[in-house]
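What follows is the residue order along each chain.
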Amino acid sequence: MMTHAYQEIYLNRAQSILGDAFDHAVNTCGIPGSDFVKLFLVSSVSKRMENGEPAYVTGKSGIELVLDIVAETKGQELQIEPQVRFDRSKEYWIGWAVAYYQWYSDRKYHDIFKVVSFEDLQNMYTPLHEADITKFVDIVDSRMKEYFSETNLKRIRTVYGCTQAELAERSGVSLRSIQMYEQRNRDINKASGETLYRMAKVLGCTMEDLIEK
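What you see is a predicted model; the values in this text were computed from it and never measured. (Residues numbered from 1 in each chain as written. Predicted model: local features only at pLDDT ≥ 70, side-chain atom pairs only at ≥ 80, totals over all residues. Heavy atoms only, no water.)

Caption draft 1: Broad picture of the overall build of the protein chain. Along the protein chain, the regular secondary structure elements total 14 helices and zero strands. The order of α-helices and β-strands along the protein chain, N terminus first, is α-α-α-α-α-α-α-α-α-α-α-α-α-α. Accessible area of the protein chain: about 11500 Å², with a carbon and sulfur share of 47%. Between the averaged position of the 26 positive side-chain charges in the protein chain and that of its 31 negative side-chain charges there is a distance of 6 Å. (Helix = DSSP H or I, 4+ residues; strand = E, 2+ residues; numbered from the N terminus. Areas by Shrake-Rupley, 256 points an atom, 1.4 Å probe, with all protein chains shown as cover. Lys, Arg positive; Asp, Glu negative; His and termini not counted. Charge placed at Lys NZ, Arg CZ, Asp CG, Glu CD.)

Encoded structure:
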């Protein structure tokens, strides 16, 4: 089962905060969306949201997030009056949708934006902003798997310097199973806890490290 950095009851608030942040940064502060993404990623704010720190997923406003990000990354104090907006902008939807996907997948924001750029997200807005969020998740998931084609099991095993046969012998998990997990012909997320534990113990990692997000 997927573990999340914070409980689902806080998800709507986290989505609204990041949505407001993108909207304020682009439409009020005039920061180009792709530039704001870069600032967001190098700031500690993105990591704090990933970690589910209460102040950053429920406490602060989107405007406060922008102030924190700009102050931390550029050493500037923005003096821009927030505008009252009654509609949901394209930029709001981008922040809102990405916050959901990050919570759902438990991936790093850095990895998400490596695969889908701000421009990509803008192009997704028209067909997807009125659709169920699961449509967005499916599309981004597909792109993620294409971009990060190597499974965690294969990547960790290779770095550890262990062949498939050696892992099978030392873990007691069949060679065929290991091959199928690495080729995505069998879903490692549905493997038994014992199977994951045996492979993780040999590879010196945690069971969660082997799970595909």
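Now that the structure has been shown, the text picks up again.
Caption draft 2: View of the nonpolar core. Ranked by internal contacts, the top residues of the largest apolar core, which has 47 residues, are Leu18, Phe40, Tyr109, Phe113 and Phe136. Beyond its immediate chain neighbours, meaning those up to four positions away, Phe40 contacts Leu18, Val45, Ser46, Met49, Ile69, Tyr109 and Phe113. Core analysis: the second largest hydrophobic core is formed by 18 residues, Ile156, Leu167, Ile178 and Cys205 among them. (Core = buried A, V, L, I, M, F, W, Y, C linked by side-chain atoms within 4.5 Å. Buried < 20%, exposed > 50% of the residue type's maximum accessible area, 1.4 Å probe, protein only. Contact = heavy atoms within 4.5 Å.)

Caption draft 3: The arrangement of the pattern of salt bridges in detail. What the rule picks out here adds up to seven salt bridges. A salt bridge links Arg157 to Glu182; its shortest N-O distance comes to 2.6 Å. Here Arg157 is found in helix α10 (residues 152-160), whereas its partner Glu182 is found in helix α12 (residues 175-182), with 25 residues between them in sequence. (Salt bridge = Lys/Arg side-chain N within 4 Å of Asp/Glu carboxyl O.)

Caption draft 4: Inspection of the packing of helix α1 (residues 11-28) against helix α2 (residues 33-42) at higher detail. Viewed as axis vectors pointing N to C, α1 and α2 meet at an angle of 130°, and their least axial separation amounts to 9 Å. Overall, the two elements α1 and α2 adopt an arrangement that is oblique. Crossing angle aside, the handedness with which α1 passes α2 is right-handed. Contacts between α1 and α2 involve Leu18, Ala21, Phe22, Ala25 and Val26 on the former and, on the latter, Gly33, Phe36, Val37 and Phe40. The residue makeup of the contact of α1 with α2, split by class, is eight nonpolar, one polar and no charged. (Axes fitted to C-alpha atoms, helices over the stretch in contact; angles between N-to-C directions. Parallel < 35°, antiparallel > 145°, perpendicular 65-115°, else oblique. Left-handed = near helix turned anticlockwise from the far one by under 90°. Nonpolar A, V, L, I, M, F, W, Y, C, P; charged D, E, K, R; others polar.)

Caption draft 5: View of the side chain of Asn152. In this fold, Asn152 is placed in helix α10. A polar atom in the side chain of Asn152 sits 2.7 Å from the backbone oxygen of Ile211. (Polar contact = N/O pair within 3.5 Å; in protein donor to acceptor, adjacent residues only side chain to side chain.)

Caption draft 6: The packing of aromatic side chains, seen in detail. For the structure shown, the criterion picks out 11 aromatic pairs. Relative to Phe36, the ring of Phe22 lies with its centre 5.0 Å away and its plane at 90°, an arrangement referred to as edge-to-face. Separated by 14 residues along the polypeptide, Phe22 in helix α1 and Phe36 in helix α2 bring together distant segments of the chain. Looking at Phe22, the relative accessible area reads 0%, which means it is buried. Between Phe22 and Phe113 the ring centres are 6.4 Å apart and the planes differ by 20°, which places this aromatic pair in the stacked class. Pair noted here: Phe22 is in helix α1 and Phe113 is in helix α7 (residues 109-115), with a separation of 91 residues, a long-range link. Accessibility expressed as a relative area gives 9% for Phe113, which makes it buried. (Phe/Tyr/Trp six-rings, centres within 6.5 Å; stacked < 30°, edge-to-face > 60°.)

Caption draft 7: Main features of unusual backbone geometry. In this model, Asp106 sits at a positive phi of 60°, which is unusual for a non-glycine residue. Relative to the helices and strands, Asp106 is located in the loop between α6 (90-105) and α7. A positive phi angle, close to 65°, is found at Arg184, a residue other than glycine.

Caption draft 8: Inspection of α2 at higher detail. Listing the buried residues of α2 in full gives Gly33, Phe36, Val37, Leu39, Phe40 and Leu41. Buried positions along α2 lie against α1, α3 (44-50), α5 (62-74), α7 and α8 (118-128).

Caption draft 9: Examining the environment of Tyr100 more closely. Note that Tyr100 resides in helix α6. Expressed as a C-alpha distance, the spacing of Tyr100 and Val137, which sit 37 residues apart in the sequence, is 8.5 Å. With near-sequence residues (within four places) excluded, Tyr100 lies in contact with Leu11, Gln15, Ile133 and Val137.

Caption draft 10: Expanded view of α12. Those residues of α12 that fall on the buried side of the exposure criterion are Ser177, Ile178, Met180, Tyr181 and Glu182. Looking at the buried positions of α12, the neighbouring elements they touch are α10, α11 (164-171) and α13 (193-203). After α12 finishes, the residue Arg184 shows a positive phi value of roughly 65°.

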